[in-house]
Number of protein chains: 2
Amino acid sequence: MIKLKSVFINGLGLIGATMARIIKAASPTTTITAFDSKQENVTTMVAAGVVDQTVDFATGASQADLIILATPVSGICESLHQLAQLDLKPGVLVTDVGSSKETILRAAEPLMDRGVQFLGGHPMAGSHLTGSQNSRLDLLANHSFFLVNGNASPTTIKAYQALLVPAQLHFSALTAEQHDQLVSATSHLPHMVAFALTNTIIPEVDDMAIDPGIPSGGLLDTTRIAKADPDMWTAIFTSERADLLAQIDQFQKQLTRLRTAISVDDQESIHDQLQAANTARRRLEDKR
Amino acid sequence: MIKLKSVFINGLGLIGATMARIIKAASPTTTITAFDSKQENVTTMVAAGVVDQTVDFATGASQADLIILATPVSGICESLHQLAQLDLKPGVLVTDVGSSKETILRAAEPLMDRGVQFLGGHPMAGSHLTGSQNSRLDLLANHSFFLVNGNASPTTIKAYQALLVPAQLHFSALTAEQHDQLVSATSHLPHMVAFALTNTIIPEVDDMAIDPGIPSGGLLDTTRIAKADPDMWTAIFTSERADLLAQIDQFQKQLTRLRTAISVDDQESIHDQLQAANTARRRLEDKR
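Conventions we followed
Residues numbered from 1 in each chain as written. Chains lettered and ligands numbered in written order. Predicted model: local features only at pLDDT ≥ 70, side-chain atom pairs only at ≥ 80, totals over all residues. Heavy atoms only, no water. Salt bridge = Lys/Arg side-chain N within 4 Å of Asp/Glu carboxyl O. Buried < 20%, exposed > 50% of the residue type's maximum accessible area, 1.4 Å probe, protein only. Helix = DSSP H or I, 4+ residues; strand = E, 2+ residues; numbered from the N terminus. Pairing = 2+ DSSP bridges. Right-handed = clockwise from strand over helix to strand, strands pointing away. pLDDT = per-residue confidence, 0-100. Least-squares fit on C-alpha atoms with pLDDT ≥ 70 in both. Contact = heavy atoms within 4.5 Å. Arc of directions from axis to C-beta. Axes fitted to C-alpha atoms, helices over the stretch in contact; angles between N-to-C directions. Domains from an automatic or database assignment. Buried area = accessible area lost by both parts, 1.4 Å probe. Phe/Tyr/Trp six-rings, centres within 6.5 Å; stacked < 30°, edge-to-face > 60°. Polar contact = N/O pair within 3.5 Å; in protein donor to acceptor, adjacent residues only side chain to side chain. Parallel < 35°, antiparallel > 145°, perpendicular 65-115°, else oblique. Nonpolar A, V, L, I, M, F, W, Y, C, P; charged D, E, K, R; others polar. Left-handed = near helix turned anticlockwise from the far one by under 90°.

**So, the pattern of salt bridges**
For step 1, the next point in the chain: The full count for this structure, using the stated rule, is 22 salt bridges over all chains.
For step 2, the next point in the chain: Residue Asp96 of chain B is joined to Lys101 of chain B by a salt bridge in which the shortest nitrogen-to-oxygen separation is 2.8 Å. Of the two residues examined, Asp96 of chain B and Lys101 of chain B, each falls in the buried class.
For step 3, the next point in the chain: Of the charged contacts in the structure, one is a salt bridge between Asp221 of chain B and Arg224 of chain B, with a shortest N-O distance of 3.0 Å.
For step 4, the next point in the chain: Overall, the relative accessible area of 12% leaves Asp221 of chain B in the buried class.
For step 5, the next point in the chain: Each of Asp221 and Arg224 of chain A together with Asp221 and Arg224 of chain B takes part in a single network of salt bridges with overlapping partners.

**Side note on the pairing of strand 5 (residues 93-96) of chain A**
All names here are of chain A.
For step 1, the next point in the chain: Burial of the side chains of strand 5 extends over both faces: Leu93 and Thr95 are buried on one face and Val94 and Asp96 on the other.
For step 2, the next point in the chain: Pairing between strand 4 (residues 66-69) and strand 5: four bridges, direction parallel. In the strand pairing of strand 5, Ile67 is matched with Val94.
For step 3, the next point in the chain: Taken together, strand 4, helix 4 (residues 73-83) and strand 5 form a β-α-β motif whose crossover is right-handed.

**Remarks on the confidence of the model for chain A**
For step 1, the next point in the chain: Across chain A, the average pLDDT comes to 95, with 99% of residues at 70 or higher.
For step 2, the next point in the chain: At the level of chain-chain contacts, confidence expressed as ipTM amounts to 0.91, with global pTM at 0.91.

**A few points about the relation of the copies chain B and chain A**
Both copies of the chain are placed relative to one another by a rotation about an axis and a shift along it.
For step 1, the next point in the chain: The transformation that overlays chain B on chain A combines an axial shift of 0.0 Å with a rotation of 180 degrees, and the residual RMSD is 0.1 Å. What the superposition gives is, in effect, a two-fold axis relating one chain to the other. When each C-alpha of chain B is compared by its distance to the rotation axis, Thr222 of chain B comes out closest, at 2.1 Å.
For step 2, the next point in the chain: When the interface residues of chain B are mapped onto chain A, 100% of them again fall at the interface, so both copies present the same face.

**Some details on helix 2 (residues 39-47) of chain A**
Residues and elements named next belong to chain A.
For step 1, the next point in the chain: Within the span of helix 2, buried status applies to Asn41, Val42 and Met45. Across the axial projection of helix 2, the buried residues extend over an arc of 90 degrees, all falling on one side. Turned more than 90 degrees from where helix 2 packs its buried face, Glu40 and Ala47 sit exposed.
For step 2, the next point in the chain: Buried residues along helix 2 sit against helix 1 (14-26), strand 2 (31-35) and strand 3 (53-54).
For step 3, the next point in the chain: Just downstream of helix 2 lies Gly49, where phi reads positive at about 75 degrees.

**Remarks on the sheet that holds strand 3 (residues 53-54) of chain B**
Backbone-to-backbone hydrogen bonds join strands into a sheet, with any given pair of strands oriented parallel or antiparallel.
All names here are of chain B.
For step 1, the next point in the chain: Spatial strand order, 3-2-1-4-5-6-7-8: eight strands in an open sheet with mixed pairing. At either margin of the open sheet sits one strand with a lone partner, and together these are strand 3 and strand 8 (170-173).
For step 2, the next point in the chain: Strand direction decides the pairing type here: strand 6 (residues 117-123) and strand 7 (residues 144-149), joined by five bridges, are antiparallel. Opposite Pro123, over in strand 7, you have Phe145 as the bridge partner.
For step 3, the next point in the chain: Contacting strand 6 and strand 7, helix 8 (residues 176-208) runs over the sheet at an angle of about 150 degrees to strand 7.

**Considering the domain arrangement of chain A**
It is common to give the size of an interface as the accessible area lost on bringing the parts into contact.
All names here are of chain A.
For step 1, the next point in the chain: Each assigned domain of chain A is listed with its residue range as follows: domain 1 (6-174) and domain 2 (179-286).
For step 2, the next point in the chain: Each of domain 1 and domain 2 has a C-alpha centre, and the two are 32 Å apart.
For step 3, the next point in the chain: Facing the 13 residues of domain 1 at the interface are 15 residues of domain 2.
For step 4, the next point in the chain: Regarding the contact of domain 1 and domain 2, the summed buried area is about 1,100 Å², with carbon and sulfur atoms giving 63% of it.

**Quick notes on the packing of aromatic side chains**
Residue and element names in this part refer to chain B.
For step 1, the next point in the chain: Under the criterion given, the structure shown has nine aromatic pairs over all chains.
For step 2, the next point in the chain: Ring centres of Phe145 and Phe171 lie 5.5 Å apart, and the angle between their planes is 55 degrees; this geometry places the pair in the tilted category. Here Phe171 lies in strand 8 and Phe145 lies in strand 7, a separation of 26 residues in the sequence.
For step 3, the next point in the chain: With a centroid separation of 5.7 Å and an interplanar angle of 65 degrees, the aromatic rings of Trp233 and Phe237 are classed as edge-to-face. Of this pair, Trp233 and Phe237 both sit in helix 10 (residues 230-239), four residues apart, roughly one helical turn.
For step 4, the next point in the chain: Of the residues examined, Trp233 reaches a relative accessible area of 2% and is grouped as buried.

**Notes on the interface of chain B and chain A**
For step 1, the next point in the chain: The interface of chain B with chain A comprises 90 residues on the first partner and 90 residues on the second.
For step 2, the next point in the chain: Carbon and sulfur atoms supply 65% of the area buried between chain B and chain A, which totals about 8,700 Å² over both sides.
For step 3, the next point in the chain: For the chain B face of the interface with chain A, the top three residues by lost area are Ile214, Lys227 and Arg281 of chain B, together amounting to 8%.
For step 4, the next point in the chain: Counting every contact that joins chain B to chain A gives 10 salt bridges.
For step 5, the next point in the chain: Between the two partners, chain B and chain A, sit 39 residue pairs in polar contact (both at pLDDT 80 or more).
For step 6, the next point in the chain: Secondary-structure elements contributing two or more residues to the side of chain B that touches chain A are strand 7, strand 8, helix 8, helix 9 (217-223), helix 10, helix 11 (241-263) and helix 12 (267-285) of chain B.
For step 7, the next point in the chain: Counting residues per element, the side of chain B that touches chain A draws most heavily on helix 8 of chain B, at 21 residues.

**Here we look at the packing of helix 8 (residues 176-208) of chain A against helix 8 of chain B**
For step 1, the next point in the chain: Between helix 8 of chain A and helix 8 of chain B, whose axes approach to 11 Å, the crossing angle comes to 175 degrees. Viewed along their axes, helix 8 of chain A and helix 8 of chain B adopt a mutual orientation that is roughly antiparallel.
For step 2, the next point in the chain: Counted by class, the contact of helix 8 of chain A with helix 8 of chain B contains 18 nonpolar, eight polar and two charged residues.

**Regarding the side chain of Ser132 of chain A**
For step 1, the next point in the chain: Within the secondary structure, Ser132 of chain A sits in the loop between strand 6 (117-123) and strand 7 (144-149).
For step 2, the next point in the chain: For Ser132 of chain A, the side chain forms a polar contact with the side chain of Asn41 of chain A, separated by 2.9 Å.

**A look at the packing of helix 12 (residues 267-285) of chain A against helix 8 of chain B**
For step 1, the next point in the chain: Across the interface, helix 12 of chain A lies against helix 8 of chain B with an axial gap of 9 Å and an inter-helix angle of 60 degrees. The angle between helix 12 of chain A and helix 8 of chain B falls in the class oblique. Helix 8 of chain B is crossed by helix 12 of chain A, and the crossing has left-handed handedness. On helix 8 of chain B, the residues that touch Gln273, Leu274, Ala276, Ala277, Ala280, Arg281, Arg283 and Leu284 of chain A of helix 12 of chain A are Phe195, Thr198, Asn199, Ile202 and Asp206 of chain B.

Structure, rendered in structure tokens:
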């Protein structure tokens, strides 16, 4: 049984810090070192007894059995190129928590060419919290965690999953292409729609200069994820452009289909579209 | 002080039945009669001690101090024309709970021309529940109730609001045009977007034939109101066509604005739009 005794986490934002909490809970004797460009992220987690020591990237990486890359995606790609140049421990597993996988798997190729194991990972966490101060052991409970394997062995992957048991994750294995399309459809597109919808409705209501009353549940629900972090989502939208534009075009087709039926008063078509959405959405609920 | 001693409710669906519960709680000695085309809706509410007696429309209307029209909008308009032909009690207040007000105020004109008081009303309830079996005293707690007055006197309106105290409503007075624009923007457009978004994402994910994992909060939130009743919403979309098409066009503008910025990699514009949405959406939260 492989034991991952020392872990280095690069990036102690919401996810990196939560991963530290999970691993410390799973295996208190496992050493966790970390680096973050904001020193206070690390000192907070050290003070909390979750991270054992702050280190620089090269030191942390060279001493670790498990390296978790938890910066934004561009930082993860940079780190992967750096790791390809370093002397790492034999049998080390390098993994990440970034939201896109095709880009990251490509960036991991030099590393994998050197025989180092790489496993792509992506926990689907709530999007509008950021920072280690919001990290929680149960942040990802009953959330999906996608695994997109490069070249890690089954036993190594199992050893990693064993360290994540306290998180109560739902693991799914996908290819990089499947992952990116799925995330584009189920996360990126809804965020884009929420931003655009919010920017449609709220300025219009403001201009009406009336008491609009208490916001309804439907208004709050459809726009909730517009509270997502603009920095993080600008980075996502610019790095995942092709997939996202394709999704927007599909959404435009459905919107136009419904708009057309309304404009020509095709009640049967309107009802069919609404019924299809109603049925599909109710089916989705059963999965939770 | 005006007392509304006998109430007739036409239509005992979710809202009609909830109004009955509220009024019975406010004034147990007030007589509540009702009519519904589904006999079991009435017998259920009579058995529950909320409605005192089932009557036909003409009898109920002629005996009432307060008439609440709680069928779908087309039914409300029909009822208003019928009421213009009936002998009603002196000082009676006729009101409704329909989701559009310009159409209904127009239909109330013959009635108002006869000197009968009409007050338009619209409680903003959750949209995916239907039927008297889902009626609850607290269904509308902390929800908006819009008042669009025709010709009711201030004291009559106050007497009506006194019967609604147990509901803990937030009343706002608007013109019919303001009401319809507000509802179009904050309710009809989000529903349309949720339907189209659901019909984009779920068939696409189904086609991928993978384990998509646990639906994320963002996916569930942006599509939740796609569970709304297709019959009710087909009726709304076809009766409120002009307002809705105008809203869709505004939404398309914002969507295109964001799509364009993404396609040309204008990071500053993307960030500005996301920041604007973030700020506006956070401000909305403070109102609850």
